[in-house]
There are 2 protein chains.
Amino acid sequence: MKELLRATTEHALQYLDSLQSRPVAPDAEAVANLKSLDIALPREGTAPSEVIQELDEFGRPATMAMAGPRFFGFVIGGSLPAALAANWLVSAWDQNTGLYNSTPATSYIEEIALKWLVDLLGLPSQTAGAFVSGTSVAHLTALAAARHSVLERAGWDVESDGLFGAPPVTVIIGKEAHPTLHKALGIIGLGRKRVLEVPADSQGRMQTAKIPRVSGPAIICVQAGNVNTGSFDSIGEACEIAKEIGAWVHVDGAFGLWANVAPTRAHLVAGVEQADSWATDGHKWLNVPYDSGIAFVRDANALRASMSISAEYLPHASEHRNPSD
Amino acid sequence: MKELLRATTEHALQYLDSLQSRPVAPDAEAVANLKSLDIALPREGTAPSEVIQELDEFGRPATMAMAGPRFFGFVIGGSLPAALAANWLVSAWDQNTGLYNSTPATSYIEEIALKWLVDLLGLPSQTAGAFVSGTSVAHLTALAAARHSVLERAGWDVESDGLFGAPPVTVIIGKEAHPTLHKALGIIGLGRKRVLEVPADSQGRMQTAKIPRVSGPAIICVQAGNVNTGSFDSIGEACEIAKEIGAWVHVDGAFGLWANVAPTRAHLVAGVEQADSWATDGHKWLNVPYDSGIAFVRDANALRASMSISAEYLPHASEHRNPSD
């Protein structure tokens, strides 16, 4: 194990070093050579050092240099040294962090990190949160809490009884909402296209004044950062309208929620603290390794109601937050 | 970076070494000392080496020794050296593996790994799959594909139009199904309790003969491995009944699907290859680091229909599988 992990460290360091000068994209030959790895499932074990050697020999040249400072595609950030090192250390700890009582160290560190993030992002202090795989799953998580809350107010227990026969939930969304939001709506059964689309202006901003004044259970999804233009919906205005009609406001803040951290940019998300849920991630502006989504929900009970489970063999009771809730 | 990652490697090696002799559970003092980490969000950066030092000093003693050979709680496995080393290496690569064209190396390796797993588990060769965070999300993924398929046959596009007004889907489930399955059903809007429960025998096995012969869209969830007793539902029999009534069969194979790999145990999952979807993970029997769920779906189109998205700025077209599909 010692030799293996030390050798892997040197492979990793060489890789990180190479990012300063290697071509950002892999060349066609490197991609073609990947087929060397495409063998039938070996019936005998392979020495661990050989596994790492093969990944380094055939995998490495075919990577995209996303971890380096010269990759500018999409909205992708590399890792800070502290984040990568922490990732390695906790991988060695290998804590299945679902319940506080089983894994106090990592559960406690999650609690602190969430508290810091709530503070940093200027969200209401009682906001609950969850670390998930990316903003897509953060949408899913937050929207499940939203669905719970708006249907509970309508007298319907959606977790127990599902959506067949439930009071219809109106989903209001900007014309240029990100596809991951539509996907999350589809997965939780609200429908990707069963939405009221609010027209966008020339910058892709939702024309907030045109938000329909609907009655009944409703969720308004606003965008903090249009991925094509960088523009921001008027979140504060949307929240005012939501209050009028009793709707839940969910903020897609994949990259834009972080504007609130920069004094010169905070005006872009003015009023964001009035929303009910927020989705973002740590692998863009915080430069932690892939993947790291974060869902925030103002009403901790709504998050817990939509996500918590218990089982006979699980020691669930704790005065601390259980990460799996 | 060099010094940091090398020092982290030594911290990790010391930790792994200690697993042979340290108490499995953290003592109360170590847990109490975690509060040293609970400071207000620092306004200035902390040196990376100090971050790792603090995690090692306060986090490590409060971990549960799940990574070692003397932890027997729940169904939790430690990591093999090759798996941990590979985890470190690919963390350094930091590939946002959503699309083949952006990250060919890791996308290709996923393809191979899925092919190997399908082969190893004895699933139909055309089976599609996805790596997700755990068996819970594997259930969610597979059941979303199931929902798509049974509703498509009933003439309903659930991704586009959601579940309001859709033909009702009957969910048939064993009395002792795992709570994560109920949770996944809740999230996708089918309801945690809106299920037909098939009675269990004294070992917690679904009494297959009592599966109700319903008509219309239906999903039958069977269990390969009851977490409390280790017993297996009669999967082949359930699949025969499913064929009669045109139902989709989903297998909760969190730990039990691997029985098919052992010649002396394969009889426990006889007929499993007749099912339509399977959920399992790699962090139990394959001993890869947390977390690593795997969803398998026989009909690749159903999986793609329920999960795939596109966006204007994403280069989606590829002859290869896109991991995000």
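About the cut-offs
Residues numbered from 1 in each chain as written. Chains lettered and ligands numbered in written order. Predicted model: local features only at pLDDT ≥ 70, side-chain atom pairs only at ≥ 80, totals over all residues. Heavy atoms only, no water. Pairing = 2+ DSSP bridges. Helix = DSSP H or I, 4+ residues; strand = E, 2+ residues; numbered from the N terminus. Axes fitted to C-alpha atoms, helices over the stretch in contact; angles between N-to-C directions. Buried < 20%, exposed > 50% of the residue type's maximum accessible area, 1.4 Å probe, protein only. Right-handed = clockwise from strand over helix to strand, strands pointing away. Least-squares fit on C-alpha atoms with pLDDT ≥ 70 in both. Contact = heavy atoms within 4.5 Å. Phe/Tyr/Trp six-rings, centres within 6.5 Å; stacked < 30°, edge-to-face > 60°. Buried area = accessible area lost by both parts, 1.4 Å probe. Salt bridge = Lys/Arg side-chain N within 4 Å of Asp/Glu carboxyl O. Polar contact = N/O pair within 3.5 Å; in protein donor to acceptor, adjacent residues only side chain to side chain. Nonpolar A, V, L, I, M, F, W, Y, C, P; charged D, E, K, R; others polar. Core = buried A, V, L, I, M, F, W, Y, C linked by side-chain atoms within 4.5 Å.

A. Summary view of the sheet that holds strand β5 (residues 248-252) of chain A. Residues and elements named next belong to chain A. Overall, mixed pairing links the seven strands, which are arranged β1-β7-β6-β5-β4-β2-β3 in an open sheet. Strands at the two margins of the open sheet, each flanked by one partner only, are β1 (128-132) and β3 (196-198). When strand polarity is set aside, the average angle formed by the axes of neighbouring strands in this sheet is 20°. Sheet topology places strand β4 (residues 218-223) next to β5; five bridges connect them, and they run parallel. Residue Gln223 lies in a different strand from β5, and its bridge partner there is Asp252.

B. Molecular detail of the pairing of strand β5 (residues 248-252) of chain B. Residues and elements named next belong to chain B. Burial within β5 is extensive, with five of its five residues counted as buried. Burial along β5 is two-sided: the face carrying Trp248, His250 and Asp252 and the face carrying Val249 and Val251 are both buried. Crossover connection from strand β4 (residues 218-223) via helix α9 (residues 235-245) to parallel β5: handedness right-handed. Sheet topology note: the β5/strand β6 (residues 277-281) ladder contains three bridges and is parallel. Bridge pairing in β6 links Val251 to Trp278.

C. Region of the structure containing the relation of the copies chain B and chain A. For these two chains of identical sequence, chain B goes onto chain A by a turn of 180° and a shift of 0.0 Å along the axis, with RMSD 0.0 Å. One copy is carried onto the other by what is essentially a two-fold rotation axis. Nearest to the rotation axis, the C-alpha of B:Ile188 is located 2.1 Å from it, this being the minimum over chain B. Here 100% of the contact residues of chain B are again contact residues in chain A; the copies associate through an equivalent surface.

D. Geometry of the packing of aromatic side chains. Scanning all chains against the criterion turns up three aromatic pairs over all chains. Aromatic pair A:Trp88 and B:Trp88: ring centres 4.5 Å apart, planes at 10°, arrangement stacked. With A:Trp88 in helix α4 (residues 81-93) and B:Trp88 in helix α4 (residues 81-93), this residue pair bridges two chains. Classification of B:Trp88 as buried rests on a relative accessible area of 0%. Taking the centre distance of 6.3 Å and the plane angle of 50° together, the rings of A:Trp93 and B:Tyr15 count as tilted. In this pair, A:Trp93 sits in helix α4 while B:Tyr15 sits in helix α1 (residues 2-18), so the two residues belong to two different chains.

E. Highlighting the sheet that holds strand β1 (residues 128-132) of chain B. Residue and element names in this part refer to chain B. Pairing is mixed across the open sheet formed by seven strands, whose spatial order is β1-β7-β6-β5-β4-β2-β3. Two strands in the sheet have a free side with no partner beyond their single neighbour: β1 and β3 (196-198). Direction aside, neighbouring strands of the sheet carry axes that sit 20° apart on average. In the packing of helix α6 (residues 135-153) onto the sheet, the strands contacted are β1, β4, β5, β6 and β7 (293-297), and the crossing angle to β5 comes to about 175°. Contacting β4 and β5, α9 runs over the sheet at an angle of about 175° to β4.

F. Representation of the interface of chain B and chain A. Of the residues lining the interface, 109 residues belong to chain B; the matching set on chain A comes to 109 residues. Carbon and sulfur atoms make up 68% of the area that chain B and chain A hide from each other, which totals about 9,600 Å². In this structure, the connection of chain B to chain A is made through eight salt bridges. When the shortest N-O distance is used, the salt bridge between A:Arg43 and B:Asp119 registers 3.4 Å. Across the chain B-chain A interface, the total number found is 42 residue pairs in polar contact (both at pLDDT 80 or more). Listed by contribution, the elements that provide at least two residues to the side of chain B that touches chain A are α1, α3 (48-59), α4, α5 (104-120), α6, α7 (158-161), α8 (179-187) and α10 (300-307) of chain B. It is α1(B) that provides the largest number of residues to the side of chain B that touches chain A, a total of 13 residues. Per-class residue counts for the side of chain B that touches chain A are 63 nonpolar, 27 polar and 19 charged.

G. Fine view of α8(B). With respect to burial, α8(B) is a largely interior element, nine of its nine residues being buried. Of the residues making up α8(B), those classed as buried are B:Pro179, B:Thr180, B:Leu181, B:His182, B:Lys183, B:Ala184, B:Leu185, B:Gly186 and B:Ile187.

H. Highlighting the nonpolar core. Among the nonpolar cores identified, the biggest contains 62 residues, and A:Leu190, A:Ile219, B:Leu190 and B:Ile219 are the most heavily contacted of them. For B:Ile219, the contacting residues outside a window of four places in its chain are B:Leu143, B:Ala146, B:Arg147, B:Val150, B:Val169, B:Thr170, B:Val171, B:Ile172, B:Leu190 and B:Trp248.

In short, the description is geometric, and any link to function would need to be established separately.
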